[in-house]
Amino acid sequence: MRKPLIIALDFPNMEKTKHFLDLFGGEQLVVKVGMELYYQYGPGIIDYIKEQGHGVFLDLKLHDIPNTVKQAMRGLAGLNVDLVNVHAAGGANMMEAALEGLVAGTPAGQERPRCIAVTQLTSTTKEQMNEEQRIIGSIEESVLHYARLTECAGLDGVVCSTHEVSRIHERIGKGFLTVTPGIRMAEGETHDQKRVATPEQARRLGTDAIVVGRSITAAENPYQSYKKVLEAWEGVKI
Ligand SMILES: O=C(O)c1cc(=O)[nH]c(=O)n1[C@@H]1O[C@H](COP(=O)(O)O)[C@@H](O)[C@H]1O
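Residues numbered from 1 in each chain as written. Predicted model: local features only at pLDDT ≥ 70, side-chain atom pairs only at ≥ 80, totals over all residues. Heavy atoms only, no water.

This paragraph deals with the environment of Glu96. With respect to the helices and strands, Glu96 occurs in helix α5 (residues 92–105). Residues Glu96 and Lys50 lie 46 residues apart in sequence; the distance between their C-alpha atoms is 27 Å. (Helix = DSSP H or I, 4+ residues; strand = E, 2+ residues; numbered from the N terminus.)

Turning to the pairing of strand β1 (residues 5–8), a few remarks are in order. Burial along β1 is two-sided: the face carrying Leu5 and Ile7 and the face carrying Ile6 and Ala8 are both buried. Sheet topology places β1 next to strand β8 (residues 209–212); 3 bridges connect them, and they run parallel. Bridge assignment links Ile6 to a residue of β8, and that residue is Val211. Inspection of the sheet shows β1 paired to strand β2 (residues 30–33) by 3 bridges, in the parallel sense. Bridge assignment links Ile7 to a residue of β2, and that residue is Val31. (Buried < 20%, exposed > 50% of the residue type's maximum accessible area, 1.4 Å probe, protein only. Pairing = 2+ DSSP bridges.)

This part takes up the UniProt feature "domain: Orotidine 5'-phosphate decarboxylase" (unreviewed entry) in the chain. Here the UniProt-annotated "domain: Orotidine 5'-phosphate decarboxylase" (unreviewed entry) positions come out as residues 4–229. As annotated, residues 4–229 has a helix share of 42% and a strand share of 16%, and its two end C-alpha atoms lie 12 Å apart. (UniProt positions renumbered as here; feature names shortened; annotations may be inferred.)

Glancing now at helix α8 (residues 165–172). Every buried residue of α8 is accounted for by Val165, Ile168, His169 and Ile172. Buried residues in α8, looked at end-on, bunch into an arc of 95°, giving them a common side. Tucked inside the fold, the buried residues of α8 contact α7 (139–152), β6 (157–159) and β7 (177–180). (Arc of directions from axis to C-beta. Contact = heavy atoms within 4.5 Å.)

Once that is clear, we can look at the packing of aromatic side chains. Counted by the stated rule, this structure contains 5 aromatic pairs. When the ring of Phe24 is compared with that of Tyr226, the centres are 5.1 Å apart and the planes differ by 80°; the resulting orientation is edge-to-face. With Phe24 in the loop between α1 (14–22) and β2 and Tyr226 in helix α11 (residues 222–234), this residue pair connects regions lying 202 residues apart in the sequence. Each member of the pair, Phe24 as well as Tyr226, carries the same accessibility label: buried. Ring geometry for Tyr223 against Tyr226: centres 6.3 Å apart, planes inclined by 35°, an arrangement best described as tilted. Here Tyr223 and its partner Tyr226 are both found in helix α11, 3 residues apart, which amounts to about one turn of the helix. Residue classification places Tyr223 among the partly exposed residues on the basis of a relative accessible area of 30%. Note on Tyr226: relative accessible area 6%, which makes it buried. In this structure an aromatic cluster arises from ring pairing among Phe11, Phe20, Phe24, Tyr223 and Tyr226. (Phe/Tyr/Trp six-rings, centres within 6.5 Å; stacked < 30°, edge-to-face > 60°.)

The UniProt record annotates "active site" (unreviewed entry) at Asp59, Lys61 and Asp64. For Asp59, the location among the structural elements is in strand β3 (residues 55–62). Since its relative accessible area comes to 6%, Asp59 is described here as buried. Beyond its immediate sequence surroundings of up to four residues, Asp59 is in contact with Lys32, Val33, Gly34, Met35 and Asn85. Separated by 2.9 Å, the side chains of Asp59 and Lys61 make a polar contact. In this structure, Asp64 sits in the loop between β3 and α4 (66–76). Apart from residues no more than four positions distant in its own chain, Asp64 is found in contact with Val69 and Met94. (Polar contact = N/O pair within 3.5 Å; in protein donor to acceptor, adjacent residues only side chain to side chain.)

Shown next, in the form of structure tokens:
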């Protein structure tokens, strides 16, 4: 089975989103809808994308008390998305509640959306984590700790950087999903991302899915850039 390349649709409005998706003709994609679009357009944006046959990762990074997250997930489960997420820092009880909400809200006959937890954002450095969050140790230790907590809570995997993937697979197992943003081409600008990797590195290190935004969406020719990233990710000429 092909490992997904998830395109982050971080656009300011519907018009720009539609224009971008039109560049791909009938090609089936997996896309990520985040706060920027969802907070403006709500479930309508999901319906629009699903109608075109694309897979959807709804990235709202829930982080609240368990009951609130449970009820929110109950609602999101009815949107027919493939993947949702929470912040692992919300704790094991919150993550268990997220899963309960998803199970309760998934319509009969439909598959429950997968649920993953954000560990340490790929924009975070060790210094920030140590000084601002007051978490001691290395980023890898913190990510691994959150990954174990996530697995114990019964979730399907984590969001982390490519550099933490092999330790997670080694300690928790290959069936536990690792989804990695912070993907850049070797010559690409890193913007606000700190723990970056190329698609080739992600492939070699065994990442299950990569999330790519600006390397594709902000490119002069997004379709061409998509193909370039896809070739590097899959390791084959397309
Ligand atoms: O949960 C995420 O998707 C996420 C987690 C994380 O640690 N880092 C991260 O960059 N993301 C998302 O992945 C996307 C990365 O976008 P680019 O940096 O433009 O490739 C953005 O939509 C972020 O919101």
